[in-house]
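Examination of the molecular architecture
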Amino acid sequence: MNKINVVIWNEFRHEKTKEKARALYPNGLHATIKGYLDKNEDMEITLAALDDPDQGLSDERLQNTDVLVWWGHMAHDEVDSVLVKKIRDRVWEGKMGFIALHSAHMARPFCAIVGTEGVLSCGRNQKEIMWTLMPSHEISAGIPDHFLIEEEELYAEPFHIPEPDELVFGAWFEDGHILRAGAGFRRGAGKIFYFQPGHETCPSFHNPYVLRVIENAIRWVRPCEQVSPVKNACTWMHQPIVEEFKST
């Protein structure tokens, strides 16, 4: 079995400085997500953090990553520009899928990959209902038509993202605000998924439906087994035509 090599990247700053975040995610929210995903025999899960050597993503690790799951918030600007370009290019080339969680809507890699500034409206923590808009989608497998998130940070429209290629989930908050909360994008040969829940002081990464969505999304964004470089594909496509003209 060829396993999906998944790296869960987390700034891992809030859990060290906020008591509530540390109580919810004592080993980091990325470790909590890993604890759920480890049951999958077809996945190999590793963790990375901003303060690790090479910001957690050396060239070797990046080249061996099939899916990169990203959570960032307070230190977007600290992510190295060279690393951002490497991540973007790898996704565009279809060599790696990318999942942005919660405040990663403004993470440098997500903005570079999708082409956005990621700005949205935000407010106090409150109850949220997540509505499944595409029940037949692979990411919706095992998810009911809606589920409750008891406490989550309000994220609301207007959300400055390009029109999603696939809008899988929509969120409704108790004060009436809505958000395109589960959005799939295709860029080049790669796939990207943004999923809104996951504030560091909310228990969203203990919600089984939130975790199931992430699990499903990993399988959806994973790269195809065979991706031909564009230059090779173009050469192959045009070669018969070139030979035909040479023979006339």
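1. With respect to the packing of aromatic side chains
Evaluated as defined, the whole model comprises nine aromatic pairs. Measuring from ring centre to ring centre gives 5.2 Å for Phe147 and Tyr209, while their planes differ by 40 degrees; the resulting arrangement is tilted. Of this pair, Phe147 sits in strand S6 (residues 146-156) while Tyr209 sits in helix H7 (residues 208-221), and the two are 62 residues apart along the sequence. What makes Tyr209 partly exposed here is its relative accessible area of 34%. Summarising the aromatic geometry, the rings of Phe193 and Phe195 are spaced 6.0 Å apart at their centres and angled 25 degrees between planes, so their arrangement reads as stacked. Looking at Phe193, the relative accessible area reads 1%, which means it is buried.

2. Thoughts on the confidence of the model for the protein
Per-residue pLDDT for the protein averages 92, and the proportion of residues at 70 or more is 90%. Contacts for the low-pLDDT stretch residues 226-248, under 50 throughout, to residues beyond four places or in other chains number four contacts.

3. A word on the side chain of Glu128
Position of Glu128 relative to the elements: it lies in strand S5 (residues 121-132). Buried charge without a partner: Glu128 forms no salt bridge, and the closest opposite charge is Arg124, 12 Å away.

4. A word on the nonpolar core
Core analysis: the largest hydrophobic core is formed by 70 residues, its most contacted members being Trp70, Ile87, Phe98, Phe110, Phe193 and Ile218. Counting residues per element, this core draws most heavily on H7, which supplies eight residues. In contact with Phe110, not counting residues within four places along its chain, are Phe98, Ala100, Ala104, His105, Gly115, Thr116, Ile161, Phe185, Ile192 and Tyr194.

5. Regarding the sheet that holds strand S1 (residues 4-10)
Pairing is mixed in the open sheet, where nine strands are placed in the order S2-S1-S3-S4-S9-S8-S7-S5-S6. Two strands bound the open sheet, and with one partner strand each, they are strand S2 (43-49) and S6. Averaged over all adjacent pairs, the angle separating strand axes in this sheet is 25 degrees, with direction ignored. Inspection of the sheet shows strand S7 (residues 166-173) paired to strand S8 (residues 178-187) by six bridges, in the antiparallel sense. Residue pairing across strands places Glu166 opposite Gly184, the latter belonging to S8. Against the sheet, helix H3 (residues 29-37) engages S1, S2, strand S3 (67-71) and strand S4 (97-101), with an angle of about 175 degrees to S2.

6. Describing the pattern of salt bridges
In this structure the tally under the stated criterion is 17 salt bridges. For the salt bridge of Glu215 with Lys39, the shortest nitrogen-to-oxygen distance reads 3.2 Å. Separated by 176 residues along the polypeptide, Glu215 in helix H7 and Lys39 in the loop between H3 and S2 bring together distant segments of the chain. Owing to a relative accessible area of 5%, Glu215 belongs among the buried residues under this scheme. The closest approach of N and O atoms between Arg219 and Glu215, which form a salt bridge, is 3.4 Å. Of this pair, Arg219 and Glu215 are both found in helix H7, four residues apart, which corresponds to roughly one turn of the helix. Residues joined by salt bridges that share partners form a network here, namely Lys39, Asp42, Glu215 and Arg219.

7. Some points on the side chain of Gln126
The topology assignment puts Gln126 in strand S5. By relative accessible area, which is 2% here, Gln126 ends up buried. When neighbours within four sequence positions are excluded, Gln126 is seen to be in contact with Ile149, Glu150, Glu151, Glu152, Leu154, Phe173, Glu174 and Asp175.

8. Describing the environment of Leu62
Relative to the helices and strands, Leu62 is located in helix H4 (residues 59-63). Look at Leu62 and you get buried, because its relative accessible area is 4%. It is 8.9 Å that separates the C-alpha atoms of Leu62 and Met96, two residues lying 34 residues apart in sequence. The residues contacting Leu62, other than those within four sequence positions of it, are Leu57, Leu83, Lys86, Ile87, Arg90 and Met96.

About the thresholds
- Residues numbered from 1 in each chain as written.
- Predicted model: local features only at pLDDT ≥ 70, side-chain atom pairs only at ≥ 80, totals over all residues.
- Heavy atoms only, no water.
- Phe/Tyr/Trp six-rings, centres within 6.5 Å; stacked < 30°, edge-to-face > 60°.
- Helix = DSSP H or I, 4+ residues; strand = E, 2+ residues; numbered from the N terminus.
- Buried < 20%, exposed > 50% of the residue type's maximum accessible area, 1.4 Å probe, protein only.
- pLDDT = per-residue confidence, 0-100.
- Contact = heavy atoms within 4.5 Å.
- Lys, Arg positive; Asp, Glu negative; His and termini not counted.
- Salt bridge = Lys/Arg side-chain N within 4 Å of Asp/Glu carboxyl O.
- Core = buried A, V, L, I, M, F, W, Y, C linked by side-chain atoms within 4.5 Å.
- Pairing = 2+ DSSP bridges.
- Axes fitted to C-alpha atoms, helices over the stretch in contact; angles between N-to-C directions.

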